[in-house]
Amino acid sequence: MIVTKIRTGIGYDLHRLVPDRTLLLGGVRIDYPLGLLGHSDGDVVLHAVGDALLGAAALGDIGEHFPDTDPRFKDADSKELLASVCAQVRTAGWNLVNADVIIHAERPRLTTYKDAIRESLHTILQVPVDAINVKATTNEGLGPIGRNEAIACWASVLLTSE
Ligand code: MG
């Protein structure tokens, strides 16, 4: 008898918006005068998805895997970090079924970028594009996200064993 195990995971990340940084969300370059501050490239979407995957596989969090005190990860390409997380999750015997993402940003408006972010996640995560969903919401002008001081992201994933 084949027993399929399932696991869910959630991930969250927030980075501060600052001048003179390239804004990257889900590995997609966004045309905007501010970018996300971080030891790596600050891509909150890829970090949240990575944490969701690690959480579901009970493999810790991305801060443990890629410490911000380690110079190897200075300005790191988060696409490579997420690909590494995916490889570890697969090696542990898990397959990604789907990922659902909520990007929390007052500005820029991300409607025209959602499909590109979905395509990018599909490429990095190596799952069908219809297994990825990307949503975007504002914070109705409230709090640090509403004041456009930061962008955050939530992600959830479902994993199954063979
Ligand atoms: Mg981060």
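Here is what the cut-offs are and how they apply
- Residues numbered from 1 in each chain as written.
- Predicted model: local features only at pLDDT ≥ 70, side-chain atom pairs only at ≥ 80, totals over all residues.
- Heavy atoms only, no water.
- Phe/Tyr/Trp six-rings, centres within 6.5 Å; stacked < 30°, edge-to-face > 60°.
- Helix = DSSP H or I, 4+ residues; strand = E, 2+ residues; numbered from the N terminus.
- Buried < 20%, exposed > 50% of the residue type's maximum accessible area, 1.4 Å probe, protein only.
- Pairing = 2+ DSSP bridges.
- Axes fitted to C-alpha atoms, helices over the stretch in contact; angles between N-to-C directions.
- 1 Å grid on protein atoms, 1.4 Å probe; cavity = no way out; pocket = protein on both sides within 12 Å on 5 of 7 lines; lining within 4 Å.
- Points joined across faces, edges and corners; volume = space filled by probe spheres on them.
- Nonpolar A, V, L, I, M, F, W, Y, C, P; charged D, E, K, R; others polar.

> Is there a simple way to think about the packing of aromatic side chains in this case?
The geometry of an aromatic ring pair is captured by the separation of the ring centres together with the interplanar angle, meaning the angle of the planes. Applying the stated criterion across every chain, the model contains two aromatic pairs. Judged by centre distance (4.5 Å) and plane angle (45°), the ring pair of Y12 and W154 falls under tilted. Here Y12 is found in strand β1 (residues 6-19), whereas its partner W154 is found in strand β7 (residues 150-160), with 142 residues between them in sequence. Aromatic side chains F66 and F73 sit 5.3 Å apart centroid to centroid with 85° between the ring planes, which places their arrangement in the edge-to-face category. With respect to burial, F66 and F73 carry one shared label: buried.

> Just checking my understanding: could you explain the sheet that holds strand β6 (residues 132-137) for this structure?
Across a sheet, paired strands are connected by hydrogen bonds in the backbone, their directions being either parallel or antiparallel. Spatial ordering of the open sheet is given by β4-β1-β7-β5-β6, a layout of five strands whose pairing is mixed. Sheet topology places β4 (34-36) and β6 at the edges, where each strand pairs with a single neighbour. In this sheet, adjacent strand axes meet at a mean angle of 20° when their direction is disregarded. Pairing of β1 with β7 involves eleven bridges; the strand directions are antiparallel. Residue pairing for β7: H15 is matched across the bridge by I151.

> Is there a simple way to think about the layout of surface pockets in this case?
Empty pockets left among the atoms are what a rolling probe the size of a water molecule brings to light. Taken as a whole, the largest pocket encloses approximately 270 Å³ of empty space. In terms of lining residues, the largest pocket is bounded by 15 residues, among which S40, H47, I62, F66 and D68 are the most central. Elements supplying a minimum of two residues to the lining of the largest pocket: β1, α1 (44-56) and α2 (62-65). No other element matches the three residues that β1 contributes to the lining of the largest pocket. Here the residues of the lining of the largest pocket are counted per class, giving six nonpolar, six polar and three charged.

> Sorry, what's going on with empty space enclosed by the protein here?
For the coordinates displayed, the defined rule picks out two cavities of 30 Å³ or more. Of the voids in this model, the largest cavity is the one considered here, and its volume is about 40 Å³. Looking at the largest cavity, the residues that line it are L53, C86, V89, R90, W94, N95, L96 and L159. Looking at the lining of the largest cavity, the elements that each hand over two or more residues are α3 (78-91) and β5 (95-104). Here the lining of the largest cavity takes three residues from α3, the largest share from any one element. Considered class by class, the residues forming the lining of the largest cavity number six nonpolar, one polar and one charged. Estimates place the volume of the second largest cavity at around 30 Å³. Around the second largest cavity, the lining residues are L46, H47, G50, I62, S78, L81, L82 and V85.

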